[in-house]
Amino acid sequence: MDYRRKKKLTFFTIGLIFLLSGVEYAVILPTIWRYLQTLEAAPYFLGLALSAFSLTGLLTGPLFGYWSDKTRTTKKIILFANVFEMIGNFMYFMGYSKWLLLSSRLVAGIGTGAGSSIFGLLTRSTAPEDRATAFAAVMACRQAGLLIGPAFNIFLRLCDFQLGPFFVNKYTAPGLFMCLLWTLIQLAVIFMYWDLPPLEKEKAKDRLRGQSKDEEDEQGLVEEDNDEEKPLMGSQEIGGSYGSVVASNTAMSDPSATSNATLNHISPPLSPEPPETHESSSPSKTSSISREFLREEVVVLLAAQFITLFNQTALETMVTPMTQKYFGYGELENSVMYCLCGVEVIAGFLFVRWLSQRVTERVILAIGLTICNISGVWCLIFLANPLGGFPWQLTEFVIGVFLQVLGLPFVAVAQVSLFSKVTSEKTQGFSQGVRRSVGGLATILGPLWAGGLTDNMYIMMGVMMGLLALLTIMLAFSYDRMLAPAVEEQVDDSDNVG
C-alpha cells in the first residue's frame, strides 16, 4: 500500500477517535447529573465526576507524549490507551455506587492521554502552512461527535431491561454503548492505522525517487571539481560521512592522498573530546526544554489553553442545573440543546478552517478572544441573575450559550496550531502532552469551581471574566511574538532540544 493511501486511512482513523471522544462526552454529560442523584450523591459529586476524567488525562498525556517522542510510534500507544476507555465505560455501566462511578471516570480518563501522541504525529506529518487546517479538521470531528452524541441519547433513554446481573436503563446504557464503540475503534486502529514517517523524511524520499540519472551525474561532476580544489572540506559538507566521497574520488589519481584523507577523517572520532561533549549535553538538553516552555509566546498560548477551557467547562457544569432550575429541562431537552450547540461549533470550525488559509493564527486568536469577552460580559450581566419571565430568561440563556460556543473554535484552533509551530518538532509529543495537561488542569478546576458556586453566580462568572481580561492583556502585549519562527531558527532550536 502506498504512502498516500496509508496517510488517508490513518487520518480517517484519527478522525474516528476524536469523533468517538466527542460522542462519549455528549452521551454522558446530559445524564450524569441525574445518574448521580439516583445513587444519592451530593451536588459536589458532579464536579468531582467530571474532573476525575480530566485528572488522569492530565497525568498520562505527557507520559504518552514522551513515549511517542522516544519510539516515534503511536499505534501501540493508542491501542494501550483505548483499553482503559473500554474498562472505564464498562465500570460506568455497572454503576453500583457513586464511588464506582467516580472510579470509572478516572479509569476512562487515562485513555485520553493518547491525544498528545496523536497531535505529535499530526505535527510531524503535516507542513506548517497546512497545520491549522489539519487541526481544525480533527477538532471538527470531535465536535461532530458532540453533535451526534445527543442523537444516541434519544434512543438510549428508552433502554429498560436486565442483562445478567446488570440493569440497563437510560443512565447505565451510555456506559455499555461507549464500551462497545471503543472496542470497534480498537479494530479500526489495528487494520487502518500506520505510524507515518516524519514529513521531512517522506519529502526526501520523494526527491530521491524523482531525481533523474543525468542530474545525479551532473552533480557528481560538480562535487569532483569541488573536491579537487578542497579535498577535505567537500567530503564532510556534502558526503556527510567520514572520508567516503574523497576516498572514491582521489583513489584514481593518488593512492597516498586517499590514505591520508581517510586517516584525517577517521581521526576525529578517536579523539577523547566527543564523549565529553556528549556528557555535557545532558544538562543543556534539560535546560533547553525548560527554556522552551518559559518563552513569552509559549506562556501566553498555555494561558489561552487554560483559561478558555476553564471557562468552557465551568459553564457546561452550570448549564444542566440551571436549565433544570429555570426551565424544567430533562435529559431529552438537554440532549437537543447540546445537539444544536454541536451544529454551531462544527460550522465554526469549518469557517476557521477556511479563514486559516487567508489570515494568520494570531488574528484568529484575537477574533476568538473578542467573542469570548463579549460572551463573558453577557453571562455576567444576564445569566448570573436571569431577569423577566420565562421567554426573556430563555432568550438571555440562548444568547449567552450561543456567544460562548461561537468563540470556542477560533481560540482552540489558533492556539494549538501556533503552539505546534513555536515549539520544537522533535519533542512534539511531549510538548502537546504538556499543553493538554494544562487543558486537563483547567477541565478539573472548571467543574469544581462551578459546582461549588451554583448559588453564587456573580462570584463564579466574575472570576471567569477576570481571567478573560487577563488573557486579553497578555495577548495584546505579546501579539508581535505570536508568529512561527523562521525556518533556520526552528531547525537550530530543534537541534538544541533533540
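Everything here concerns the structure above.
Source: prediction; values computed, not measured. (Residues numbered from 1 in each chain as written. Predicted model: local features only at pLDDT ≥ 70, side-chain atom pairs only at ≥ 80, totals over all residues. Heavy atoms only, no water.)

### Re the overall build of the protein chain
- Each helix and strand in the protein chain was counted, giving 20 helices and two strands.
- The buried share of the protein chain, taken over its 498 residues, is 49%.
- Within the protein chain, residue pairs in contact and separated by at least 24 positions form 82% of the contacts whose partners lie at least 6 positions apart.
- For the protein chain, the accessible area works out to roughly 23600 Å², and carbon and sulfur atoms hold 66% of it. (Helix = DSSP H or I, 4+ residues; strand = E, 2+ residues; numbered from the N terminus. Buried < 20%, exposed > 50% of the residue type's maximum accessible area, 1.4 Å probe, protein only. Contact = heavy atoms within 4.5 Å. Areas by Shrake-Rupley, 256 points an atom, 1.4 Å probe, with all protein chains shown as cover.)

### A word on the packing of helix H5 (residues 114-124) against helix H6 (residues 128-156)
- Between H5 and H6, the shortest axis-to-axis distance is 10 Å and the interhelical angle comes to 145°. The handedness of the crossing between H5 and H6 is right-handed. Residues Phe119, Leu122 and Thr123 of H5 pack against Arg131, Phe135, Val138 and Met139 of H6.
- Class assignment of the residues belonging to the contact of H5 with H6 gives a composition of five nonpolar, one polar and one charged. (Axes fitted to C-alpha atoms, helices over the stretch in contact; angles between N-to-C directions. Left-handed = near helix turned anticlockwise from the far one by under 90°. Nonpolar A, V, L, I, M, F, W, Y, C, P; charged D, E, K, R; others polar.)

### A word on H5
- Burial runs high along H5: eleven of the eleven residues are buried.
- Among all positions of H5, only Ala114, Gly115, Ser116, Ser117, Ile118, Phe119, Gly120, Leu121, Leu122, Thr123 and Arg124 are buried.

### Things to note about the environment of methionine 192
- Along the chain, methionine 192 falls in helix H7 (residues 173-192).
- Residues methionine 192 and leucine 9, 183 residues apart in the sequence, show an inter-C-alpha distance of 5.7 Å.

### Points about empty space enclosed by the protein
- Applying the stated rule across the entire model yields four cavities of 30 Å³ or more.
- As for the second largest cavity, its lining consists of 13 residues, of which Asn311, Gly376, Gln404, Met464 and Leu468 are closest to the centre.
- Taken together, the elements giving at least two residues each to the lining of the second largest cavity come down to helix H14 (296-326), helix H16 (361-383), helix H17 (390-422) and helix H19 (457-478).
- Here the lining of the second largest cavity is composed, by residue class, of eight nonpolar, five polar and no charged. (1 Å grid on protein atoms, 1.4 Å probe; cavity = no way out; pocket = protein on both sides within 12 Å on 5 of 7 lines; lining within 4 Å. Points joined across faces, edges and corners; volume = space filled by probe spheres on them.)

### Comments concerning unusual backbone geometry
- The residue glutamate 40 is not glycine, and still its phi comes out positive at about 60°.
- Tracing the chain through its elements places glutamate 40 in the loop between helix H1 (3-38) and helix H2 (44-71).
- With a relative accessible area of 69%, glutamate 40 lands in the exposed category.
- Look at arginine 72: it is not a glycine, yet its phi comes out positive at around 55°.

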